[in-house]
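# Coordinate analysis (summary)
Each chain, letter by letter, is given below.
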Amino acid sequence: MTFTIVGRCKRTGHRGVALATSSPAIGQRCSFVSHAGAVGMQAIAEPRLGVFALKLLEQGYSPRGVIAEVTASDDWPGKRQIGIVDADGRSAAFTGDANGPWAGHIHGENFVAMGNVVAGPEVVEAIAEAFHDDESAGLEARLMRAVEAGRDAGGETIGQTSAAILTFGEQIVPRCDLRVDVCDEPVKELRRIFDWFEPLLPYFEERNRNPFMPRFKDYFEQKGLVRDYGKPVPVTRGGSTKFPYRP
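Residues numbered from 1 in each chain as written. Predicted model: local features only at pLDDT ≥ 70, side-chain atom pairs only at ≥ 80, totals over all residues. Heavy atoms only, no water.

Strand order in the open sheet formed by four strands is β3-β4-β5-β6, with antiparallel pairing between adjacent strands. Strands at the two margins of the open sheet, each flanked by one partner only, are β3 (31–34) and β6 (91–95). Mean inter-strand twist for the sheet, computed between neighbouring axes without regard to direction, equals 5°. Across seven bridges, strand β4 (residues 37–43) lies against strand β5 (residues 80–86) in antiparallel orientation. Each residue of the ladder has a partner; that of Gly 37, found in β5, is Asp 86. Sheet strands in contact with helix α1 (residues 47–58) are β3, β4 and β5, and its direction is about 155° off that of β4. (Pairing = 2+ DSSP bridges. Helix = DSSP H or I, 4+ residues; strand = E, 2+ residues; numbered from the N terminus. Axes fitted to C-alpha atoms, helices over the stretch in contact; angles between N-to-C directions. Contact = heavy atoms within 4.5 Å.)

Now for the packing of α1 against helix α2 (residues 63–72). Angle between the axes and distance between the axes: these two values describe a pair of packed helices. Here α1 crosses α2 at 140°, and the two axes come no closer than 9 Å. Relative to α2, the element α1 lies oblique. For the crossing formed where α1 meets α2, the hand is right-handed. On the side of α1, the interface is formed by Leu 49, Phe 52, Ala 53, Leu 56 and Leu 57, while α2 contributes Pro 63, Val 66, Glu 69 and Val 70. Residue composition of the contact of α1 with α2, by class: eight nonpolar, no polar and one charged. (Parallel < 35°, antiparallel > 145°, perpendicular 65-115°, else oblique. Left-handed = near helix turned anticlockwise from the far one by under 90°. Nonpolar A, V, L, I, M, F, W, Y, C, P; charged D, E, K, R; others polar.)

With that out of the way, let us pick up the packing of aromatic side chains. Across all of its chains, the model carries seven aromatic pairs by this definition. Taken together, a centroid distance of 6.0 Å and an interplanar angle of 15° make the contact between Phe 197 and Phe 204 stacked. For Phe 197, a relative accessible area of 17% translates into the label buried. Between Tyr 203 and Tyr 219 the ring centres are 4.7 Å apart and the planes differ by 45°, which places this aromatic pair in the tilted class. Of the two residues, Tyr 203 is situated in helix α6 (residues 201–209) and Tyr 219 in helix α7 (residues 216–222); the sequence distance between them amounts to 16 residues. For the pair shown, Tyr 203 and Tyr 219 are each scored as buried. Here the aromatic residues Trp 196, Phe 216, Phe 220 and Tyr 229 are joined through ring pairs into a cluster of three or more. Directly above the ring of Phe 131 sits Arg 142, whose terminal nitrogen or CZ lies 4.0 Å from the centroid. Geometry around Trp 196 places Arg 227 over its ring, the cationic atom sitting 5.9 Å from the centre. (Phe/Tyr/Trp six-rings, centres within 6.5 Å; stacked < 30°, edge-to-face > 60°. Buried < 20%, exposed > 50% of the residue type's maximum accessible area, 1.4 Å probe, protein only. Lys NZ or Arg CZ within 6 Å of the ring centre and 35° of its normal.)

By definition, a disulfide is the covalent link that joins the sulfur atoms of two cysteine residues. On inspection of all chains with the given rule, the structure shows zero disulfides. In this model Cys 30 remains outside any disulfide bridge; the closest cysteine sulfur is found in Cys 176, 17 Å from its own. (Disulfide = S-S within 2.5 Å.)

Restricting attention to buried positions, one finds in α6 the residues Leu 201, Tyr 203 and Glu 205. In this structure, the buried residues of α6 make contact with α4 (139–152), β10 (174–180), α5 (186–197) and α7.

Looking now at the pattern of salt bridges. Pairing of side chains with opposite charge becomes possible as their charged atoms draw close. Under the defined criterion, the tally for this structure stands at 11 salt bridges. As a salt-bridge pair, Glu 46 and Arg 48 come within 2.8 Å of each other at their nearest N and O atoms. Its relative accessible area of 16% is what places Glu 46 among the buried residues. Among the ionic pairs, Asp 86 bridges to Arg 90, the shortest N-O distance being 2.7 Å. Asp 86 sits in the buried class, given a relative accessible area of 4%. The network of salt bridges with shared partners includes Glu 140, Arg 175 and Glu 205. (Salt bridge = Lys/Arg side-chain N within 4 Å of Asp/Glu carboxyl O.)

The next point concerns the pairing of β10. Both strand β9 (residues 162–168) and β10 contribute to a ladder of six bridges, which runs antiparallel. Each bridged residue has a counterpart across the sheet, and for Phe 168 the counterpart in β10 is Pro 174. Adjacent in sequence and paired antiparallel, β9 and β10 are bridged by five residues.

With that settled, consider the packing of helix α3 (residues 121–132) against α4. Two numbers describe how α3 lies on α4: the axes approach to 8 Å, and their chain directions differ by 155°. Judged on the interaxial angle alone, α4 and α3 are roughly antiparallel. Of the two elements, α3 crosses α4, and the hand of that crossing is right-handed. In contact with Val 123, Ala 126, Ile 127, Ala 130, Phe 131 and His 132 of α3, α4 contributes Leu 139, Arg 142, Leu 143, Arg 145, Ala 146, Ala 149 and Gly 150. For the contact of α3 with α4, the residue count by class is nine nonpolar, two polar and two charged.

Below you can see the structure in the form of structure tokens.
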């Protein structure tokens, strides 16, 4: 019920996952990324297995070795679909035999494209092709483009409800973590949010090290970029005498 791109940028070493599905809140339970690599787990996702897979990568297991360990420890491996790319660009993928049609994957250096209960193999083929279209682009832009290609090739035949993108760079916190949890057109909405946010990717990486960075609104202004921001709402309630403020 999901289509996913797991990818690594050979130029920067950044790694991440982007995906879309008919279920809500896909970013909560199917993407696992750290300094060691990226893991996408879907079909009947078991987040604990995703965490386990990432820990194995961090201990030096190869992607193929991780899949062997994860499927051996799972009571229901036929229900899973797993894609892994490690920090060196090695990849491996697994599609259990109890996945609903159509289900399958493509993988190679620095990427895994996979889908289950999607329109057909053309979905993962389109994902892989879009991911490689312009390798000079940032990883996040490539992941975003790949998910859009999967949707445009048919995606999940009953439609999508949620979409997400998660990437890591050199720091221990995500470089990009954007989610659309419930939406009629989640990939379109993720694109809108991503385009709004993309110029801030280097800004927040730098601000983590430099607290003297300008406010993000000033940063946008310095770059000549115009953005709409949240508006104040009318105050409809005050404080309570039951809980008086104490400094």
